[in-house]
Amino acid sequence: MSVLGCGYLGVTHAAGMAELGHQVIGVDVDIAKIAALAGGRSPFFEPGLDELISRNIAAGRLSFTTSYEEAAAADVHFLCVGTPQRDGGAADMSYLDAVVETLAPFLVKECLIVGKSTVPVGTAARITSMLRVLAPAGEAVSVAWNPEFLCEGKAVSDTLHPDRLVLGVPDERAEKVLREVYAPIIDAGVPVVVADLPTAEVIKTAANSFTATKISFINAIAEFCEASGADVTVVSEALGYDARIGRQFLNSGLGFGGGCLPKDIRAFQARAYELGVGQALAFLAEVDAVNLRCRERVVEYLRKQCGGAFTGRRIAVLGAAFKGGTDDIRDSPALHVANIVSAQEGEVAVYDPQAMSNARRAFPHLVYENSVLEAVRGADAVAVLTDWPEFVTLNPYTLGDEARSRNIVDARHALDPTQWLRAGWNYIAPGRPALQASLNEPVDSLV
């Protein structure tokens, strides 16, 4: 099989399919990226992925190329190309279309094209029409859709041990091929949902939209808790025991970011309006607005801790990746906050365990430090903005000795507030307005 597009999805899928025992060739036009992958190095950080790539290259099951002609010999072709947001919110399909147009002239035998990219409903039908015209094999080339449900930070596990497989197929032949591709996973008992093409496309966007809605819901409740004196973390705990709701994605804080949820909910809305049912998904605009408001609220917390203005103040930003476990900074809430503070004349010192290089390239005007202590040294306020395990175990007394003022915003609810309050920190966390007032134990000496 071939995997077209060696970005986050493509590399992980290619390595995963090789691990299942398939002969896999990954294709990308980026020569430097292909050279790195051929040497066993992923172009991004994902736990366990480098080892998976190296092991399968050594076993002779995985290779990489820039040649579409070479890849065309495969029986199954997975489309793993990005569909970024364009102006107006709709998905930009130009990269996916370009890959199909480049591959099609080399398709001279029966094969199956399998889309994994997140796309507007109707894309599979449109690609089928393109291939009928462009591929020499004509109707012998079929199109299926098999959406991915990877979570960055555990993408290897999600690929090899998914919670479900969705097979969007036009006929029994395509279903048979995909069942053979995923035979080890299916044999392990993973549920399989077989659907037609448009249904498979909707499943992916609906899943991401529901996840985003759940995250924004609890952040909206956090806003209400701040106004009413309630504690959102206890609310989340209680809601999580409800079998109708569940605990996952009920963590309030800085909201969602990354390369999927923000763009996918906007593209879903855009497609709904194209189909004449825009009002059905109009609520997603408020989901988006709540999410962006989370970032603005954190800026306000920090401004309050700095006496009402950032001018002449140093803010330590702990975290640059959009979440822990990855070096992905796409639509990173942490860097969004950092850039707002910087634009308002604050000195921002950023530290992240994995995303420093990416952040530095994208936002060179920020200050980057090599450790938490260096970032906090001389800071007037500290902001924990990415949920890295390293930040959970920070010592409030050690950091207190480095900071100019003991002010901290725990935007990810990563810290034990009792410890930080006892160490004399002015501790703020979204949705917990009465936290400091409710602490009855004395504050430890700062000496």
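Further up the page is the structure itself.
Since the model is a prediction, treat every value here as computed from it, not as a measurement. Residue positions are given per chain, counting from 1 as you read along its sequence in written order. Where local features are concerned, this predicted model is filtered to residues with pLDDT of at least 70; where side-chain atom pairs are given and counted, the filter is 80 or more; whole-chain, interface and lining totals use all residues. The side-chain figures draw on all heavy atoms in the structure; neither hydrogens nor water molecules are used.

1. Observations regarding the packing of aromatic side chains
Two aromatic rings from Phe, Tyr or Trp, using only the six-membered ring of Trp, form a pair when their centres are within 6.5 Å; if the ring planes differ by under 30 degrees the pair is stacked, by over 60 it is edge-to-face, and anything between is tilted. If you walk through the whole model with that rule in mind, you get three aromatic pairs. Measuring from ring centre to ring centre gives 6.3 Å for tyrosine 351 and phenylalanine 391, while their planes differ by 65°; the resulting arrangement is edge-to-face. With tyrosine 351 in strand S10 (residues 347–351) and phenylalanine 391 in helix H17 (residues 389–392), this pair connects stretches of sequence that are 40 residues apart. With respect to class, tyrosine 351 is no different from phenylalanine 391; both count as buried. Our definition puts a charge over a ring when NZ of Lys or CZ of Arg is within 6 Å of the ring centre and also within 35 degrees of the ring normal. Against the face of phenylalanine 149 rests arginine 164, its NZ or CZ located 3.6 Å from the ring centre. Secondary structure elements are defined from DSSP: runs of H or I of at least 4 residues count as helices, runs of E of at least 2 residues count as strands, and each element is numbered from the N terminus. Throughout this description, buried means an accessible area under 20% of the type-specific maximum (1.4 Å probe, protein chains only), exposed means over 50%, and partly exposed covers the range between.

2. Considerations on helix H11 (residues 232–240)
Turning to H11, its buried residues are Val232, Ser236 and Gly240. Along the axis of H11, the buried residues cluster in a sector spanning 75°; they form a single face. In what follows, residue pairs with any heavy atoms lying within 4.5 Å of each other are defined as contacts. Of the surrounding elements, those touching the buried residues of H11 are helix H10 (197–228). It is the directions from the helix axis to the C-beta atoms whose arc is reported.

3. Some remarks on the packing of H10 against H11
Lines fitted to C-alpha atoms define the axes here, with helix axes fitted over just the stretch in contact, and angles between the N-to-C directions of these axes take values from 0 to 180 degrees. One way to put it is that H10 packs onto H11 with a least axis distance of 9 Å and a crossing angle of 135°. Judged on the interaxial angle alone, H11 and H10 are oblique. As H10 runs across H11, the sense of the crossing is right-handed. Between H10 and H11, the contacting residues are Phe217, Ile218, Ile221, Ala222 and Cys225 on the first element and Val232, Val235, Ser236 and Leu239 on the second. Here the contact of H10 with H11 is built from residues that sort into eight nonpolar, one polar and no charged. We call two directions roughly parallel when the angle between them is under 35 degrees, roughly antiparallel when it is over 145, roughly perpendicular when it lies between 65 and 115, and oblique otherwise. For any helix crossing, the convention is left-handed if the near helix is rotated counterclockwise from the far helix by under a right angle, and right-handed if that rotation is clockwise. We call Asp, Glu, Lys and Arg charged. Ala, Val, Leu, Ile, Met, Phe, Trp, Tyr, Cys and Pro are nonpolar, and the rest, Gly among them, are polar.

4. A look at the environment of alanine 98
Along the chain, alanine 98 turns up in helix H5 (residues 94–103). With a relative accessible area of 35%, alanine 98 lands in the partly exposed category. Sequence separation of alanine 98 and valine 81 is 17 residues, and the distance between their C-alpha atoms is 9.8 Å.

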